[in-house]
Amino acid sequence: MCSSARNRGGVQRVEGKLRASVEKGDYYEAHQMYRTLFFRYMSQGKHAEARELMYNGALLFFSYNQQNSAADLSMLVLEVLEKSETKVEDEILECLANLFSQMDQNSPERVAFVSRALKWSTGGSGKLGHPKLHQLLAVTLWKEQNYSESRYHFLHSSDGEGCAHMLVEYSASRGFCSEVDMFVAQAVLQFLCLKNKNSASVVFSTYTEKHPSIERGPPFVQPLLNFIWFLLLAVDGGKLTVFTVLCEQYQPSLKRDPMYNEYLDRIGQLFFGVPPKQSPSYGGLLGNLLNSLMGSGEEDDGTEEPPEDSPIELD
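Residues numbered from 1 in each chain as written. Predicted model: local features only at pLDDT ≥ 70, side-chain atom pairs only at ≥ 80, totals over all residues. Heavy atoms only, no water.

Draft legend 1. Spatial organisation of the overall build of the chain. Along the backbone of the chain there are 16 helices and zero strands. Counting the 315 residues in the chain, one finds 49% classified as buried. By sequence separation, contacts in the chain at least 24 residues apart represent 64% of the contacts at least 6 residues apart. Accessible surface, the chain: about 15200 Å² in total, of which carbon and sulfur atoms supply 50%. (Helix = DSSP H or I, 4+ residues; strand = E, 2+ residues; numbered from the N terminus. Buried < 20%, exposed > 50% of the residue type's maximum accessible area, 1.4 Å probe, protein only. Contact = heavy atoms within 4.5 Å. Areas by Shrake-Rupley, 256 points an atom, 1.4 Å probe, with all protein chains shown as cover.)

Structure below.
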């Protein structure tokens, strides 16, 4: 998408004229010319040319701080991808992440762009987006020190190591010393709720190794870290009795966050055959957030899924 040699000839000539208009400050005129060419190319079935022209045009407008025009052309890039049914490739995902990184961090256009990009990356299904795109978005948001949003996207990637390094920085810059164990505990539990055992293990081992306030273990000084360590071992073993005893023994630590037991209910269903609760302990707003990050984003790995009736939010 960024450099399709077969399309460069004609596109380069057009881009030269458009660039000259932008350099003269004729932003509105140039923007309208881009849009006219977009619809002309699309009507002729020249999807690759349209895509490349809009991408480079967006970058040009970004370089002149013309955010609205750049965001509009970025959305047209997505429109080409959708209408041409372009297959997902790493190069395209990297280009989309590049556009995202240059958008104003507080603009509504950025929210709309990332939502649409994620939807395209999974073929328009109800799933939550391609893991590679999530990883690229997570890194961009990490650089912007938007740790909360970065964590969300890391959770839906396969980059447990990157997530761990981000969480170390997040904990050191924004957290209290007493919460050092809670940052990684939440991430591990949420990865497990998304059936990503590998990333759960990697984020735990990397975080506990790299965090300057955690003494090398196991065992660890913090009981919650010991619980997470034992939990990961129990998930591999799949024995319900071990899981049950573990949760009972560490209740004092688990009471530090009311969501821990909700996550563990879900983990019990996924890995230990625990039947889902017939009557959720709470509803309302949290009940309405069911499936926001659960269920619809899970990959089918051949295991039978329990009913989705535990209102869990992984923010």
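Draft legend 2. Examining a negative patch on the surface more closely. Residues Glu-89, Asp-90, Glu-91 and Glu-94 make up a contiguous surface patch of negative charge. Within the secondary structure, Glu-89 sits in the loop between helix H4 (67–83) and helix H5 (90–102). Residue class for Glu-89 comes out partly exposed when judged on its relative accessible area of 45%. (Patch = residues over 30% accessible without salt bridge, like charges linked within 9 Å, V, L, I, M, F, W, Y side chains within 5 Å. Salt bridge = Lys/Arg side-chain N within 4 Å of Asp/Glu carboxyl O. Lys, Arg positive; Asp, Glu negative; His and termini not counted. Charge placed at Lys NZ, Arg CZ, Asp CG, Glu CD.)

Draft legend 3. Seen up close, the pattern of salt bridges. For the structure shown, the criterion picks out six salt bridges. Linking Arg-256 and Asp-181 is a salt bridge whose minimum nitrogen-to-oxygen distance equals 2.6 Å. Placement of the pair is Arg-256 in the loop between helix H14 (251–254) and helix H15 (260–272) and Asp-181 in helix H10 (residues 180–193), with a sequence separation of 75 residues. You can call Arg-256 partly exposed: its relative accessible area is 37%. Among the residues examined, Asp-181 registers a relative accessible area of 3% and is labelled buried. A salt bridge links Lys-277 to Asp-265; the nearest nitrogen and oxygen atoms lie 2.9 Å apart. Placement of the pair is Lys-277 in the loop between H15 and helix H16 (284–288) and Asp-265 in helix H15, with a sequence separation of 12 residues. The partly exposed category is assigned to Lys-277, whose relative accessible area is 34%.

Draft legend 4. Up close: the packing of helix H2 (residues 27–43) against H4. Running from amino to carboxyl end, H2 crosses H4 at an angle of 5°, the nearest separation of the two axes being 11 Å. Relative to H4, the element H2 lies roughly parallel. Judged by residue contacts, His-31, Tyr-34, Arg-35, Phe-38, Phe-39 and Met-42 of H2 engage Ser-69, Asp-72, Leu-73, Leu-76, Glu-79, Val-80 and Lys-83 from H4. Its residues assigned to classes, the contact of H2 with H4 shows seven nonpolar, two polar and four charged. (Axes fitted to C-alpha atoms, helices over the stretch in contact; angles between N-to-C directions. Parallel < 35°, antiparallel > 145°, perpendicular 65-115°, else oblique. Nonpolar A, V, L, I, M, F, W, Y, C, P; charged D, E, K, R; others polar.)

Draft legend 5. Looking closely at the packing of helix H13 (residues 240–249) against H15. In the contact formed by H13 and H15, the axes pass within 11 Å of each other and the chain directions differ by 165°. Classed by the angle they form, the pair H13 and H15 counts as roughly antiparallel. Here the hand of the crossing between H13 and H15 comes out right-handed. Packed against H13, whose contacting residues are Leu-240, Phe-243 and Cys-247, the element H15 presents Leu-264, Ile-267, Gly-268 and Phe-272 at the interface. Of the residues in the contact of H13 with H15, the class split is six nonpolar, one polar and no charged. (Left-handed = near helix turned anticlockwise from the far one by under 90°.)

Draft legend 6. Quick peek at the nonpolar core. One finds Val-188, Leu-192, Tyr-207, Phe-227, Leu-231, Leu-264 and Ile-267 to be the most contacted residues of the largest nonpolar core, which totals 49 residues. At the level of secondary structure, the elements contributing two or more residues to this core comprise helix H8 (147–155), helix H9 (160–174), H10, helix H11 (197–210), helix H12 (223–237), H13 and H15. For this core, the leading source of residues is H10, giving 11 residues. With residues near it in sequence (within four places) discarded, Tyr-207 still touches Ala-164, Leu-167, Val-168, Ser-171, Val-180, Phe-183, Val-184 and Ile-214. One finds Leu-53, Phe-61, Leu-136 and Leu-141 within the second-largest nonpolar core, a separate group that totals 42 residues. (Core = buried A, V, L, I, M, F, W, Y, C linked by side-chain atoms within 4.5 Å.)

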